[in-house]
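# Structure at a glance
So you can see what is in the structure, the chains are spelled out below.
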Amino acid sequence: MNLLIQKFGGTSVGSPQRIKDLAKLTCDTTPKIVVLSAMSGTTNALVEICETLYNKDNAKVNPLIQSLEDKYRLVVHDLFSETEALQKGMQLLQQHFDYIRGFTLDMFTANEEKAILAQGELLSTALFQYYLETQKQTSVLLPALQFMRLDTNEEPDMAYIEQQLTETLAQYPTTPFFITQGYICRNAFGEIDNLKRGGSDYTASIIGAALRSPEIQIWTDIDGMHNNDPRIVQPTHPIHHLSFDEAAELAYFGAKILHPTCILPAQKRNIPVRLKNTMQPQAEGTLINNTNSSEGIKAIAAKDGIVAINIKSERMLLAYGFLRAVFEIFERHKTPIDMITTSEVAVSLTIDSTIHLNDILIELKEIASVQVEMEQTIISIVGQIPKDKAGYGYKVLEALQHIPLRMVSYGGSSNNVSVLVNSVHKKEALVALNKGLFGY
Ligand code: ADP
Ligand code: ASP
Ligand code: MG
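Presented here is a report on the structure given in the accompanying data block.

## With respect to the nonpolar core
By size, the foremost hydrophobic cluster in this structure holds 94 residues, and its most contacted members are Ile33, Phe128 and Leu258. By residue number, the principal contributor to this core is helix 3 (residues 58-79), which donates eight residues. Those residues in contact with Phe128 that lie beyond four places of it in its chain are Ile19, Leu22, Ala23, Thr26, Val34, Leu36, Phe177 and Ile179. Judged by nonpolar contacts, the second largest core, of 21 residues, contains Val396, Val421, Ala429 and Leu430.

Set out below in structure tokens:
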């Protein structure tokens, strides 16, 4: 079966009206799997509930749970007018919120947290399916917790996912409409887990890759990937085409519209990804595929929370093996490095996770002198930037001439020029690049 994958983010299911609109948008004859996020605000509310539970602040947690439940009660009242459907909707809420309340008495660990975070997507998909039922639209809910699994490296277990999904879908040869939860999964031990914040995009591309779908569509609240972060810079414009490599760079380096790793599964199986606007379905959006795009700079993205580490050693001078020794430390602590620049006696590199920072620093200090700078931002300038063409580096640096640059990375790939700035200069840098590179 050739199933189109359509993922809808939090705002696309963010109110009863949006859920009703979504039913209209999706109910056509194209066979599909609809992947849903939690209603907007829900995962944040669940995160807050979990933080309160960690702190054993029961006086605060009950009102938080109650206020989320009240919000859902309004949703259910709006969605279902007939008594039977309304009752069914209310029962669903009771089941999920009783489950969440159950944790107020228990010991609270990361496992319980993940079980609570999963409730948002479980609720949105169940409500959407109930609503379709009332509209006489047949659909099948595929529980993601039955097929979406991570392996021991916390990577999607593609063989398992493919097998489980194919077997399940084969049970419904005539159903063209499936619904499933984004974001949630199980880990290699069968416990409830998730694909990290924003992970519903990743779910969609994993499913699309597993089923070799004709297309993976990511529907959100904007008309595709823009040339700059529209939350920070005005004006911006949508980009109609990106290559997989360009889109992957933008997603990884901070374009929030896509989860950082969601391009990879699609790229591996050469499945086009299309970004669309739920509020403006007729807008062209962005097509991402394996076609090389035209020469030039397409877009800029920024990734915050970066730590720069400067490692200086006289032993690096004329020596080999020093960089290997440095990289092995990061490898041992499973911490990926994003940017690197070197000189004869020093190397600067960046990481975006501080989980193992202290251990890394202890080991680095055994072989070199080390300086750390927190709160840095990587700004990535992405497009087709041929290495044999003059002018691109100049244009970027000229636009940023008034901003202190901590690191510059050029030539690593023909898709990316990156600079590292202190986060206080982020907005200024994005605005300057919007002007210098796009003429705004
Ligand atoms: P969803 O909840 O549908 O997954 P997200 O909030 O995760 O939606 O992603 C969409 C948002 O990403 C947009 O509303 C926009 O503010 C933000 N965004 C950041 N950078 C970009 C960009 N380069 N192009 C488009 N949107 C971007
Ligand atoms: N609901 C999850 C989040 O808010 C996953 C997603 O929306 O993609 O992060
Ligand atoms: Mg998102």
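Here the narrative resumes.
## Examining the sheet that holds strand 9 (residues 273-277)
Ordered in space as 3-4-2-1-7-9-10-8, the eight strands form an open sheet in which the pairing is mixed. Strands at the two margins of the open sheet, each flanked by one partner only, are strand 3 (140-142) and strand 8 (241-243). Strand after strand, the sheet turns through a mean of 20° between neighbouring axes, direction not considered. With five bridges connecting them, strand 7 (residues 216-220) and strand 9 associate as parallel partners.

## Observations concerning the packing of aromatic side chains
Counted according to the given criterion, the structure contains eight aromatic pairs. Relative to Phe108, the ring of Phe103 has its centre 6.5 Å away and its plane inclined at 80°; by these criteria the two rings are edge-to-face. With a relative accessible area of 10%, Phe103 lands in the buried category. Here the guanidinium or amino end of Lys88 rests over the ring plane of Tyr130, the centre of that ring lying 4.4 Å away.

Reading the values: the criteria
- Sequence positions are assigned chain by chain, starting from 1 and proceeding in written order.
- As they are written, the chains are lettered A onward and the ligands numbered 1 onward, keeping that order.
- Owing to the predicted nature of the model, reporting of local features is limited to residues with pLDDT of at least 70; listing and counting of side-chain atom pairs is limited to 80 or more, with chain, interface and lining totals taken over all residues.
- Heavy atoms throughout the structure, all of them, feed into the side-chain values; hydrogens and water do not.
- Residues enter a nonpolar core if they are buried and are Ala, Val, Leu, Ile, Met, Phe, Trp, Tyr or Cys, with the set joined through side-chain atoms within 4.5 Å.
- Accessibility here uses a 1.4 Å probe with only protein chains present; expressed as a share of the type maximum, an area under 20% marks a residue as buried, one over 50% as exposed, and anything in between as partly exposed.
- In this text, helices come from DSSP runs of H or I with a minimum length of four residues, and strands from runs of E with a minimum of two, each type numbered from the N-terminal end.
- Contacts were defined at the residue level, with two residues in contact if any of their heavy atoms lie within 4.5 Å.
- Note: two strands are recorded as paired if DSSP finds a minimum of 2 bridges between them.
- To define axes, lines are fitted to C-alpha atoms, for helices over the stretch in contact only, and angles between the resulting N-to-C directions are given on a 0 to 180 degree scale.
- Stacked, tilted and edge-to-face are the three classes applied to pairs of Phe, Tyr and Trp rings, where Trp contributes its six-membered ring and a pair requires centres within 6.5 Å; stacked means planes under 30 degrees apart, edge-to-face means over 60, and tilted covers the rest.
- Placement of a charge over a ring requires the Lys NZ or Arg CZ to be within 6 Å of the ring centre, with the centre-to-atom vector within 35 degrees of the ring normal.

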